[in-house]
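Results of the structural survey
This is what each chain is made of:
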Amino acid sequence: MTTANYPSVYLRKGRDEAVRRFHPWIFSGAIERIEGQANEGDPVRLFAHDGTLLGCGFFEGGSIAVRMLSFGTSITDFDAFFVEKIEQAYRLRQALGLIQPAPEAGAHRNNVYRLVHGEGDGVSGLVIDVYGDTAVLQAHSTGVYHHIERIAEAVVKVCKGEVTAVFDKSSATLPDPSIASVGDRFLIGKSTAQPVYENGLQILPDWLRGQKTGFFIDQRDNRRLVGQYASGRRVLNMFCYSGGFSLYALQGGAEEVVSVDSSARALSLVEHNVALNFGDTIAGGRHEGVVADAFEYLKGIAYGAFDLIVLDPPAFAKKRSALKNALNGYRKLNALALERLAPGSFLFTYSCSQAVSPEDFRLAVLTASVQAGRSVRILQQLGQATDHPVSIYHPEGEYLKGLFLYVE
């Protein structure tokens, strides 16, 4: 299909302001008419009401009707487009010092990073995470999924031998999971999960059955911060998953680390990662894993049992309609932790819900502080790691919010 044959999407009068400011989402209510047959996932050209070409994107057909890929021009060659975008993203990770696959990188060795972060890297609906020699792709849009094979080829081409296997894990992220009828699969090569390095620590990712692409790469910078303040402290890592915060706390000299998750399988990953880095004996010494509901566990611990707590729950609000209940959940969770922390403690608390704004989250934690009756100071406002960039034109990409707090 040539660009001239792409269906044409025309916006209502006065509804082109956001896209002229390079916002990549076109909502269905802004569309006046469509000329040609636009099926879900098809490339389309976008026009203003007066016929001015605004750019090119994929037609999605839902609330976000079009995901923009170019502005002011059409895309004539998708092979070249994806190579160019992935090359740009790769150069950024190089500039950030995140691509260090060679063993001689020592204590700072890192071979796990996010290569492409959707809108933040100019490809709305695409996530690519790299774990050693394996890249894991997730398509969040049908249009991206229609090009998943050429994207895999572009990754291998750009990474020049560093990535030899590409795994597609899109079945859980597509708007219509039935589109991925073949299920999750290797697109290029094959590999088995092997320990990868994050700032010198070894972690076993699980892209086959794990959450997201296999590990929560977005918390890397925040994990390092926890490690800096863990020395001599009794650390509680809630919603621990595979134990990233726990590893950094142990490395940082924590007196005791307790990892809590409702999943027994997650705790087995924690124990494996702890043993991988510190040996088997530490599991019965400075580290303990507990399978429990987070709210019930917090209710049951004694006042002053911990002087550093990490709260990193799953998204409480995946849609705007769930915002009220989500904020209630954040207030309740943070109040329970604040009520039980010893005086002079640290609390690292997060929300990964895109529907929750930084202001909403901060207000929820403020309310929790009042409820707990504690004097609380904000030491630092936190966000996602640097390989999860946010386009200045797409503030919705700032999904991870965090606060580093000191509790009197």
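What you are looking at is a predicted structure, and each value in this text was computed from that prediction instead of being measured.

As for the domain arrangement of the protein chain
Domain assignment breaks the protein chain into domain 1 (8-71), domain 2 (78-198) and domain 3 (218-407). The C-alpha centroid of domain 2 is placed 27 Å from the C-alpha centroid of domain 1. The interface of domain 1 with domain 2 comprises 10 residues on the first partner and 17 residues on the second. Where domain 1 abuts domain 2, roughly 990 Å² becomes buried across the two surfaces, and 62% of that area is made up of carbon and sulfur atoms. Where domain 1 meets domain 2, there are one salt bridge. A salt bridge links Glu119 to Arg67, with the nearest nitrogen and oxygen atoms 3.2 Å apart. At the boundary of domain 1 and domain 2, one finds seven residue pairs in polar contact (both at pLDDT 80 or more).

Points about the sheet that holds strand β9 (residues 134-139)
Pairing in this open sheet of five strands is mixed, and the strands run β7-β8-β9-β10-β11 from one edge to the other. The open sheet terminates on both sides in strands that have one partner only, identified here as β7 (112-117) and β11 (185-188). Across the sheet, the mean angle from the axis of one strand to that of its neighbour is 25 degrees, orientation sign disregarded. Sheet topology places β9 next to strand β10 (residues 165-168); four bridges connect them, and they run parallel.

Quick look at the pattern of salt bridges
Applying the stated criterion across every chain, the model contains 19 salt bridges. Between Arg223 and Glu198 there is a salt bridge, with its nearest N and O atoms 2.8 Å apart. Of this pair, Arg223 sits in helix α5 (residues 220-228) while Glu198 sits in strand β12 (residues 196-198), and the two are 25 residues apart along the sequence. Just as Arg223 is buried, Glu198 falls in that class too. The partner of Asp307 in a salt bridge is Arg234, with the nearest N and O atoms 3.4 Å apart. Taken as a pair, Asp307 in strand β17 (residues 306-311) and Arg234 in strand β14 (residues 234-238) lie far apart in primary sequence, 73 residues in all.

Definitions and limits used
Residues numbered from 1 in each chain as written. Predicted model: local features only at pLDDT ≥ 70, side-chain atom pairs only at ≥ 80, totals over all residues. Heavy atoms only, no water. Domains from an automatic or database assignment. Contact = heavy atoms within 4.5 Å. Buried area = accessible area lost by both parts, 1.4 Å probe. Salt bridge = Lys/Arg side-chain N within 4 Å of Asp/Glu carboxyl O. Polar contact = N/O pair within 3.5 Å; in protein donor to acceptor, adjacent residues only side chain to side chain. Pairing = 2+ DSSP bridges. Helix = DSSP H or I, 4+ residues; strand = E, 2+ residues; numbered from the N terminus. Axes fitted to C-alpha atoms, helices over the stretch in contact; angles between N-to-C directions. Buried < 20%, exposed > 50% of the residue type's maximum accessible area, 1.4 Å probe, protein only.

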